[in-house]
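# Summary of structural features
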Amino acid sequence: MNLTRYASLILLPLTLSACMIPTGPVEVTRFNRVAEGIVYGTGSFAVTATSGDSLALSPYLAAVQREMERVGYSKALDGSDVIAEVSVQRVQFNGNDRNPVSVGVGGSTGSYGSGVGVGVGLNLNALGDQRGIETTLNVRIVRTIDNLVIWEGRAVQRGALNSPAAQPGIASSKLAESLFKDFPGTSGETVTVP
């Protein structure tokens, strides 16, 4: 086997792994009107920013547009059946909101005896400087004929300041994909998407 071919076989997995950037879990909550007979994923759509600088929101707007097309809507050329209203909040946080030490106590009794156990857990992430970004993507789908909100969802992700989850281009795709996973979702349910 020649050296060039051998090197390309070794570099291939490294190249592929660079495409899959881990960003951590996303907490998703959605509400819909499936019980009222609303049909989702049909008709034309437009995407608009409801707050903030639309230039700064452009990665999020593009990610929501991709997901709307993926779930069956078509991009409106003139007028639209629904409008996806997008807003994003990015909040810096310092520290970890979990206590660095937790203690659990448990006990049991039975015909073969009884016992008591104590467990101590250390949150090693709480040690040191834990500055980060919490990004929240909110999307409302509004039916244009009567301005009825037919779907809304929120996706939240936390990450360290230097992590991929803090980068808008990466975070926007992960948040939108998580928000529209199994669209329209179960109304009122909060799920964690890995």
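For the structure, see preceding data.
Residues numbered from 1 in each chain as written. Predicted model: local features only at pLDDT ≥ 70, side-chain atom pairs only at ≥ 80, totals over all residues. Heavy atoms only, no water.

### Quick look at helix 2 (residues 58-70)
The terminal C-alpha atoms of helix 2 lie 18 Å apart, and with 13 residues this matches the ideal 18 Å at 1.5 Å per residue to within 8%. For helix 2, the set of buried residues is Tyr 60, Leu 61, Ala 63, Val 64, Glu 67 and Met 68. Along the long axis of helix 2, the arc covered by the buried residues comes to 165°, so they all point the same way. Tucked inside the fold, the buried residues of helix 2 contact strand 2 (44-49), strand 4 (82-93), strand 7 (132-143) and helix 3 (168-179). (Helix = DSSP H or I, 4+ residues; strand = E, 2+ residues; numbered from the N terminus. Expected span 1.5 Å × (residues − 1). Buried < 20%, exposed > 50% of the residue type's maximum accessible area, 1.4 Å probe, protein only. Arc of directions from axis to C-beta. Contact = heavy atoms within 4.5 Å.)

### Examining the sheet that holds strand 3 (residues 74-75)
The strands that make up a sheet are held in pairs by hydrogen bonds between backbone atoms, and each pair lies either parallel or antiparallel. One open sheet holds the seven strands; their spatial order is 3-2-4-7-8-1-9, and the pairing between them is mixed. Of all strands in the sheet, those with a lone pairing partner are strand 3 and strand 9 (190-193), marking the two edges. Contacting strand 2, strand 3, strand 4 and strand 7, helix 2 crosses the sheet at an angle of about 165° to strand 2. In the packing of helix 3 onto the sheet, the strands contacted are strand 1 (26-32), strand 4, strand 7, strand 8 (148-160) and strand 9, and the crossing angle to strand 8 comes to about 135°. (Pairing = 2+ DSSP bridges. Axes fitted to C-alpha atoms, helices over the stretch in contact; angles between N-to-C directions.)

### What about the pattern of salt bridges?
All chains considered together, the criterion is met by five salt bridges. Among the salt bridges present, the one from Glu 67 reaches Arg 70, with a minimum N-O distance of 2.7 Å. Of the two residues, Glu 67 and Arg 70 both sit in helix 2, three residues apart, roughly one turn of that helix. Overall, the relative accessible area of 7% leaves Glu 67 in the buried class. Of the charged contacts in the structure, one is a salt bridge between Glu 134 and Arg 158, with a shortest N-O distance of 3.3 Å. One end of the pair, Glu 134, is in strand 7; the other, Arg 158, is in strand 8, with 24 residues separating them in the sequence. (Salt bridge = Lys/Arg side-chain N within 4 Å of Asp/Glu carboxyl O.)

Everything listed is a geometric property; what it means functionally is a separate question.
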